[in-house]
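Structural features, examined
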Amino acid sequence: MSVDVATSAEQDWMAQAIELATTNVSIGGGPFGALIVRDGEIIATGTNKVTVDLDPTAHAEVTAIRNACRALGTFKLDGCVLVTSCEPCPMCLASALWARVDRVLFAADRNDAAEAGFDDRAFYDVFEDPRTESPTPVTRVKVPNRNEAFNAWRNKTDRVDY
């Protein structure tokens, strides 16, 4: 992670992400906001809707990514920047990687989030050190047809690779 001096445009985008997050608190959502920007234009926004939508994956970054993909008609956001009011949690960072965004910019960090009651540090630990015990057990179940879906995928002639 690097700390860089942001351009004027990046500062403006960040101000908008923080404003989204702050406004979202007043309407019952979590204190997180995000933007997807491409070629200097805001393509989509997202706010944390975990409690509003009863969806633990409805983080601001994931919501912004979903909205941007729909707006652009694609599942790949190469050429885009994710601007978020807080350092992405592991799920949101993984989502940004899967979406193929070019860069991620954030303001508050994981420690700021923890001080506000959003302590995801145990999740970061699982991904940063493979020897860390996961808070949720993950166990492989050995079955003979474990590759059945993959075989169907490989044989599908009209598949869309991603």
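Bear in mind the structure is a predicted one, so any value in this text is a computation, not a measurement.

Parameters and conventions
Residues numbered from 1 in each chain as written. Predicted model: local features only at pLDDT ≥ 70, side-chain atom pairs only at ≥ 80, totals over all residues. Heavy atoms only, no water. Phe/Tyr/Trp six-rings, centres within 6.5 Å; stacked < 30°, edge-to-face > 60°. Helix = DSSP H or I, 4+ residues; strand = E, 2+ residues; numbered from the N terminus. Buried < 20%, exposed > 50% of the residue type's maximum accessible area, 1.4 Å probe, protein only. UniProt positions renumbered as here; feature names shortened; annotations may be inferred. Contact = heavy atoms within 4.5 Å. Core = buried A, V, L, I, M, F, W, Y, C linked by side-chain atoms within 4.5 Å.

1. Here's the deal with the packing of aromatic side chains
Here the structure, examined in full by the defined rule, presents 3 aromatic pairs. Between Phe75 and Tyr162, the aromatic rings sit 6.0 Å apart at their centres with planes inclined by 75°, giving edge-to-face as the arrangement. Here the residue Phe75 occupies a position in the loop between helix H3 (60-72) and strand E3 (80-86), and Tyr162 occupies one in the segment after helix H7 (148-155), the gap between them amounting to 87 residues. Residue classification places Phe75 among the partly exposed positions, given a relative accessible area of 39%. Among the residues examined, Tyr162 registers a relative accessible area of 68% and is labelled exposed.

2. Digging into the UniProt feature "domain: CMP/dCMP-type deaminase" (unreviewed entry) in the protein
The residues that UniProt annotates with the feature "domain: CMP/dCMP-type deaminase" (unreviewed entry) are residues 8-121. For residues 8-121, the helix share is 46%, the strand share is 23%, and the end-to-end C-alpha distance is 31 Å.

3. Structural notes on the environment of Thr63
Assignment of secondary structure puts Thr63 in helix H3. Of the residues examined, Thr63 reaches a relative accessible area of 11% and is grouped as buried. Between the C-alpha atoms of Thr63 and Val138, which are 75 residues apart in sequence, the distance is 26 Å. Once residues lying within four places of it in the same chain are set aside, the contact partners of Thr63 are Thr45, Gly46, Thr47 and Ala58.

4. Looking at the nonpolar core
Core analysis: the biggest nonpolar cluster contains 18 residues, and Ile36, Ile65, Ala68, Leu77, Leu82 and Val101 have the highest contact counts within it. For this core, the secondary structure elements donating two or more residues are strand E1 (33-38), strand E2 (41-47), H3, E3 and helix H4 (90-99). Setting aside chain neighbours within four positions, we find Leu77 in contact with Ile36, Ile65, Ala68, Cys69, Leu72, Ala99, Arg100, Val101 and Asp102. Core analysis: the second largest hydrophobic core is formed by 8 residues, Trp13, Met14, Val37 and Val83 among them.

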